Amino acid sequence: MTYEEYKQGLITELGRHIDEEQQRLIVIAEGTDNEEIALELMQPPVCSQSLSIHSLYRQWKEGELTAQASSICDYFEKKRAIETIEQLENVTIWAANFEKAAEKLEGNDIPYLPVGDMAVYFQFFDEVYDEDEQWPLDYKRPVQNEHLKQWGLTVQELFDKVKYFDMNERLQTVLDESRAVLTHTLGELGGTLPDTKDYYGVYSENGIAIMFYPEGLSEISRRLDDDLYVMPLSNDKILVCPKSGHNLETLQNVVKKSCEMDKRAEVFPVQVSNMVFQFDAGSLAIQPAAQIEKKTRHKAR
């Protein structure tokens, strides 16, 4: 069963467990590699926790869809008022492959910014600490164009505001500075990069979109005293290194090979981006590195 077949089968199976007059199933971040499913109640307007459909697909085994749907409904019992979730201070940055996701984002009235080969969009991410739970409960909702109108912001203005929100407060992030960071991020491709001991791996709840928060990259840049090359890998991790001492073409080939290997191994979802990006420590801007190099060569003529 393909992912899309599974998703439709799951929605159908879950539909048998809900009261369609009072409840509806929603897919959050539809069309991206971050799709999640949740239950929404119309009166009063509340939303359940959501679950990653990709993770559910990986856990699914032939013939177990009915049992899986039943356990998901138990998970949906935890709910939160939508108006509480959909607050500006809860907005987080996410990323999807532009070619794959842009049309779907537009169709769902979700604003986004094109950055290189990615579509950068936004989600409300509300963490709730419950005394009965070991971990905080996460509630997600899509940021839509109606929210921009409500706040009086353009999509660029929202991005410029949100990227300076405290990522440590909102998103659980891990900085990997171990000697095995290349193996952790690139697997067998790790040996194709020079062992310069100046790589950092970053893993976050919002996947590779953590690269659009300047705070984290600035900290790495200060440690290395240099601008950075940023390599998005898979859907959930980035590899960072100083610009000096690293060849852009080599890094670009590694990113492309990583994506090709994922495709051959049928790893799903595949990488969001095939580009290496450059982070400027002075301006805090992040852009496709090849684009910056092209401009630099043009000015030098």
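Rules used in this analysis
- Residues numbered from 1 in each chain as written.
- Predicted model: local features only at pLDDT ≥ 70, side-chain atom pairs only at ≥ 80, totals over all residues.
- Heavy atoms only, no water.
- Helix = DSSP H or I, 4+ residues; strand = E, 2+ residues; numbered from the N terminus.
- Rg over C-alpha atoms; globule rule 2.2 N^0.38 Å.
- Contact = heavy atoms within 4.5 Å.
- Areas by Shrake-Rupley, 256 points an atom, 1.4 Å probe, with all protein chains shown as cover.
- Lys, Arg positive; Asp, Glu negative; His and termini not counted.
- Charge placed at Lys NZ, Arg CZ, Asp CG, Glu CD.
- Buried < 20%, exposed > 50% of the residue type's maximum accessible area, 1.4 Å probe, protein only.
- Arc of directions from axis to C-beta.
- Phe/Tyr/Trp six-rings, centres within 6.5 Å; stacked < 30°, edge-to-face > 60°.
- Salt bridge = Lys/Arg side-chain N within 4 Å of Asp/Glu carboxyl O.
- Axes fitted to C-alpha atoms, helices over the stretch in contact; angles between N-to-C directions.
- Left-handed = near helix turned anticlockwise from the far one by under 90°.
- pLDDT = per-residue confidence, 0-100.
- Pairing = 2+ DSSP bridges.
- Polar contact = N/O pair within 3.5 Å; in protein donor to acceptor, adjacent residues only side chain to side chain.
- 1 Å grid on protein atoms, 1.4 Å probe; cavity = no way out; pocket = protein on both sides within 12 Å on 5 of 7 lines; lining within 4 Å.
- Points joined across faces, edges and corners; volume = space filled by probe spheres on them.
- Nonpolar A, V, L, I, M, F, W, Y, C, P; charged D, E, K, R; others polar.

Engineer: Outline the overall build of the protein chain, listing residues and values.
Structural biologist: Counting its secondary structure elements, the protein chain contains 12 helices and 15 strands. Here the C-alpha radius of gyration of the protein chain, 20 Å, is about what a compact globule of 301 residues would show, namely 19 Å. The contacts in the protein chain between residues at least 6 apart in sequence include a share of 63% that link residues at least 24 apart. Of the roughly 15300 Å² of accessible surface on the protein chain, 47% is carried by carbon and sulfur atoms. Side chains of the protein chain carry 31 positive and 53 negative charges; the gap between the two charge centres is 7 Å.

Engineer: Requested: an account of helix α3 (residues 65–75), with residues and values cited.
Structural biologist: At 3.6 residues per turn, the α-helix brings residues three or four places apart onto the same side. Among the residues of α3, those classed as buried are L65, Q68, A69, I72 and C73. Across the axial projection of α3, the buried residues extend over an arc of 140°, all falling on one side. Facing away from the buried surface of α3 by more than 90 degrees, the exposed residues are A67 and D74. Along its buried surface, α3 packs onto α1 (3–15), β4 (51–52) and α2 (53–59).

Engineer: Any chance you could break down the packing of aromatic side chains for me, citing the residues and the numbers?
Structural biologist: If you walk through the whole model with that rule in mind, you get 7 aromatic pairs. Note on Y6 and W60: the rings are 5.7 Å apart at their centroids and 50° apart in plane angle, and the pair reads as tilted. Highlighted residues: Y6 in helix α1 and W60 in the loop between α2 and α3, separated in sequence by 54 residues. W60 matches Y6 in its accessibility class, with the two residues each being buried. Taking 6.3 Å as the distance between ring centres and 10° as the angle between the ring planes, the aromatic pair formed by Y57 and W60 counts as stacked. Owing to a relative accessible area of 13%, W60 belongs among the buried residues under this scheme. Among the aromatic residues, ring-to-ring pairing joins Y3, Y6, Y57 and W60 into one connected group.

Engineer: Mind laying out the pattern of salt bridges, listing which residues take part and the relevant values?
Structural biologist: Enumeration according to the criterion identifies 15 salt bridges in this entry. The shortest N-O distance in the salt bridge between K104 and E30 comes to 3.5 Å. With K104 in helix α5 (residues 98–107) and E30 in the loop between β1 (23–28) and β2 (36–41), this pair connects stretches of sequence that are 74 residues apart. Note on K104: relative accessible area 38%, which makes it partly exposed.

Engineer: Can you break down the packing of α1 against α3 residue by residue, with the values?
Structural biologist: For the pair α1 and α3, interaxial distance at closest approach is 9 Å and the crossing angle is 60°. Taken as a pair, α1 and α3 cross one another with a handedness that is right-handed. Only L65, T66, Q68, A69, I72 and C73 of α3 make contact with α1, whose side of the interface consists of Y6, G9, L10, E13 and L14.

Engineer: Could you give an account of the confidence of the model for the protein chain, with specific residues and numbers?
Structural biologist: Mean pLDDT over the protein chain stands at 90; residues scoring 70 or higher make up 98%. Mean pLDDT in the protein chain bottoms out at helix α12 (residues 289–300), which sits at 75, and peaks at helix α6 (residues 145–151), which reaches 98.

Engineer: Lay out the sheet that holds strand β15 (residues 286–288) with the relevant residues and their values.
Structural biologist: In space, the 6 strands of this open sheet follow the order β10-β11-β13-β12-β14-β15, with antiparallel pairing throughout. Each end of this open sheet is capped by a strand with a single partner; those strands are β10 (173–176) and β15. For this sheet, the mean inter-axis angle between neighbouring strands, taken without regard to orientation, is 25°. Looking at chain direction, β10 and strand β11 (residues 200–204) are connected through 4 bridges and run antiparallel. Along β11, the bridge assignment pairs L175 with V202. Along the sheet, helix α11 (residues 248–264) contacts β12 (228–233) and β13 (237–242); its crossing angle with β12, the most-contacted strand, is approximately 10°.

Engineer: Outline the side chain of N34, supporting the account with residue identities and numerical values.
Structural biologist: Locating N34 in the fold gives a position in the loop between β1 and β2. In terms of polar contacts, N34 uses its side chain to reach the backbone carbonyl oxygen of A95, at 3.4 Å. At 3.2 Å, the side chain of N34 forms a polar contact with the side chain of N235.

Engineer: Can you lay out the layout of surface pockets for me, pointing to particular residues and giving the numbers?
Structural biologist: Counted as a void, the largest pocket has a volume near 590 Å³. Lining the largest pocket are 25 residues, and of these E36, S52, S55, K140 and E205 sit closest to its centre. Those elements giving two or more residues to the lining of the largest pocket turn out to be β4, α2 and β9 (137–142). Tallied by class, the residues present in the lining of the largest pocket amount to 6 nonpolar, 11 polar and 8 charged. Here the second largest pocket defines a volume of roughly 280 Å³. What lines the second largest pocket is a set of 16 residues, among which R24, I26, V27, P142 and Q144 lie closest to the centre. Of all the elements in the fold, those that place two or more residues in the lining of the second largest pocket are β1, β9 and α6. With 5 residues, the single largest contributor to the lining of the second largest pocket is β1. Grouping the constituent residues of the lining of the second largest pocket by class yields 7 nonpolar, 3 polar and 6 charged.

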